[in-house]
Amino acid sequence: MNFNSRKSEKVQEIEEILKQFLPEQSGYQKEIMEAMEYSLMAGGKRLRPMLMKETYTLFGGNDRLIYPFMAAMEMIHTYSLVHDDLPAMDNDDYRRGRKTTHVVYGEAMGILAGDALLNYAFETAAEAFTMFPEKSLQIGKAMQILAKKAGIYGMIGGQVVDVQSAGSAISKEVLDFIYELKTGALIESAMMIGAVLAGAGSEEIRKMEKVARNVGIAFQIQDDILDVTSTPEVLGKPVMSDEKNEKTTYVTLVGVEKAKEYVEEISEEAIGLLSELPQRNEFLEALLKELIHREK
C-alpha cells in the first residue's frame, strides 16, 4: 500500500474516533452540539491526532489509551480555527471549502462553539483516567502538556502576539516566537503526548518536542508561501488573507524563494533529529516530509 492510501485510511480512523467522543445532540442546548459537530467534522488533514498516534506507535503504544487525547487535540485545534475565523480576528467566510461556523450559526454561537470545544476537549481527555486508571501518572502528565501547550505559554500566547503585531512590521525573532507558539505548540503537544502515554523517557520526550517545534515552524512558513502561491479552490480557504490583515510573514520578510529555503533547512533538521532515535516509524517520517512540503 502506498503512502497516500495509508494516510487516507488513517484519516478515516481518526474521523471515527472523533465521532465516538462527540456529545449527543439533545437538550435545550442542542444547537451548540450541532455547531461543535459542524466545526469538528468539517474535514481537514487531521495532522495533530495523526502525529500523536504515530508517535505513540513509534514508542511501542498499541492500545486505546491514545484515543481520547487524539479527539481532545483535534477539538482544541478546531476551536482555535473557529475563533480565528471570527470577524474580530481574520474575518474569513470559508474554511476547508465550506462556510465557517460563525457564518452558519451566527457570531455569538461561533464564539460559544469554540468555547464548548475547548472545554469538551479536557472533558474528553479526562476519560482516559476511567479507561486506564493504572496509567493515571502518565495521563496526568499528558493532561498537563495538553493544557500548557494550548494556553498562554503555547498557542494562545502566540495568537496574542500575532494579533498585537497585525498592521505593523515585526522582526524575524518575533515572527519565530509567534510561529513556535501559535502553530508549533499544538504539534509539540501532540508528539509529546504520544511519547508520554507510550512510556518514553524524558530525553526522548524532549527530542520529540524539538522535532515537533521544527515541523511547526516549517509548516507555518509553508502556509505563508501557499497564501500567495495557491488558490482558494486548492486550499479550501481564502488566499492573500495575510496581506488583507497586514500581517508580517516569512514571505513579506524574505520573499518566496528564501522562505522555501528556510522550509527545507528546518525540515531537514527535524527529520535528522527523528532519525537519531533507535526506533523507526517510516510512515511518520514520510508524513512529516509530506506535510511540510504540502501544496494545500
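Heads up: the structure comes first, above all this text.
Residues numbered from 1 in each chain as written. Predicted model: local features only at pLDDT ≥ 70, side-chain atom pairs only at ≥ 80, totals over all residues. Heavy atoms only, no water.

### Side note on the nonpolar core
And step 1. In terms of nonpolar packing, the biggest core is built from 88 residues, with Phe 69, Ile 193, Leu 197 and Ile 221 touching the most fellow members.
And step 2. At ten residues, helix α12 (residues 202–229) tops the list of elements feeding residues into this core.
And step 3. When near neighbours in sequence (up to four residues on either side) are disregarded, Ile 193 contacts Met 52, Phe 69, Met 73, Ala 142, Ile 145 and Leu 146. (Core = buried A, V, L, I, M, F, W, Y, C linked by side-chain atoms within 4.5 Å. Buried < 20%, exposed > 50% of the residue type's maximum accessible area, 1.4 Å probe, protein only. Helix = DSSP H or I, 4+ residues; strand = E, 2+ residues; numbered from the N terminus. Contact = heavy atoms within 4.5 Å.)

### Looking at a nonpolar patch on the surface
And step 1. Among the surface-exposed residues, Ile 152, Tyr 153, Ile 156 and Val 160 lie close enough to one another that they form a single nonpolar patch of about 420 Å² accessible area.
And step 2. Examined against the element boundaries, Val 160 turns out to sit in helix α9 (residues 155–165).
And step 3. Since its relative accessible area comes to 41%, Val 160 is described here as partly exposed. (Patch = residues over 30% accessible without salt bridge, like charges linked within 9 Å, V, L, I, M, F, W, Y side chains within 5 Å. Areas by Shrake-Rupley, 256 points an atom, 1.4 Å probe, with all protein chains shown as cover. Salt bridge = Lys/Arg side-chain N within 4 Å of Asp/Glu carboxyl O.)

### Focus on the packing of aromatic side chains
And step 1. The tally for this structure, following the rule as stated, stands at four aromatic pairs.
And step 2. Plain terms: the ring middles of Tyr 38 and Tyr 105 are 5.7 Å apart, the flat faces sit at 70 degrees to each other, and that makes the pair edge-to-face. Highlighted residues: Tyr 38 in helix α2 (residues 30–40) and Tyr 105 in helix α5 (residues 101–105), separated in sequence by 67 residues.
And step 3. Here the aromatic residues Tyr 179, Tyr 250 and Tyr 262 are joined through ring pairs into a cluster of three or more.
And step 4. In this structure, Lys 10 packs its charged tip against the face of Phe 283, placed 4.8 Å from the ring centre.
And step 5. Arg 98 extends its terminal NZ or CZ atom over the ring of Tyr 38, reaching a point 3.8 Å from the ring centre. (Phe/Tyr/Trp six-rings, centres within 6.5 Å; stacked < 30°, edge-to-face > 60°. Lys NZ or Arg CZ within 6 Å of the ring centre and 35° of its normal.)

### Things to note about unusual backbone geometry
And step 1. Phi is positive for Arg 46, which is not a glycine, with a value near 55 degrees.
And step 2. Of note in the backbone geometry, Arg 96 takes a positive phi value of approximately 55 degrees without being a glycine.
And step 3. Of note, Arg 96 is situated in the loop between β1 (94–95) and β2 (98–99).

### Description of helix α1 (residues 3–21)
And step 1. The first and last C-alpha atoms of α1 sit 27 Å apart over 19 residues, in line with the 27 Å expected at 1.5 Å per residue.
And step 2. Elements that come into contact with the buried residues of α1 comprise α2, α3 (47–58), α4 (67–84), α6 (107–125), α7 (127–131) and α17 (282–292).
And step 3. Put simply, Asn 2 is the residue that caps the front of α1, since its side-chain oxygen is 3.3 Å from the backbone nitrogen of Asn 4. (Expected span 1.5 Å × (residues − 1). Polar contact = N/O pair within 3.5 Å; in protein donor to acceptor, adjacent residues only side chain to side chain.)

### Describing the environment of Ala 108
And step 1. Checked against the element boundaries, Ala 108 lands in helix α6.
And step 2. You can call Ala 108 exposed: its relative accessible area is 54%.
And step 3. Residues Ala 108 and Asn 91, spaced 17 residues apart in sequence, show a C-alpha to C-alpha distance of 14 Å.

### Considerations on the pattern of salt bridges
Where side chains of opposite charge bring their charged atoms close, a pairing between them can arise.
And step 1. A complete count under the given rule lists 19 salt bridges for this structure.
And step 2. Its salt-bridge partner being Glu 276, residue Lys 207 comes within 2.7 Å of it at the nearest N-O pair. Here Lys 207 is found in helix α12, whereas its partner Glu 276 is found in the loop between α16 (256–275) and α17, with 69 residues between them in sequence.
And step 3. A cluster of three or more residues bridged by salt bridges with shared partners is formed by Lys 149, Glu 188, Glu 209 and Arg 213.

### Side note on α2
And step 1. Of the positions making up α2, those classed as buried are Ile 32, Met 33, Ala 35, Met 36, Tyr 38, Ser 39 and Leu 40.
And step 2. Close packing links the buried residues of α2 with α1, α4, β2, α5 and α6.

### Examining the side chain of Lys 10
And step 1. With respect to the secondary-structure elements, Lys 10 resides in helix α1.
And step 2. In contact with Lys 10, other than residues within four places in its own chain, are Met 50, Glu 54 and Phe 283.

Any link to function would need more than the numbers given here.
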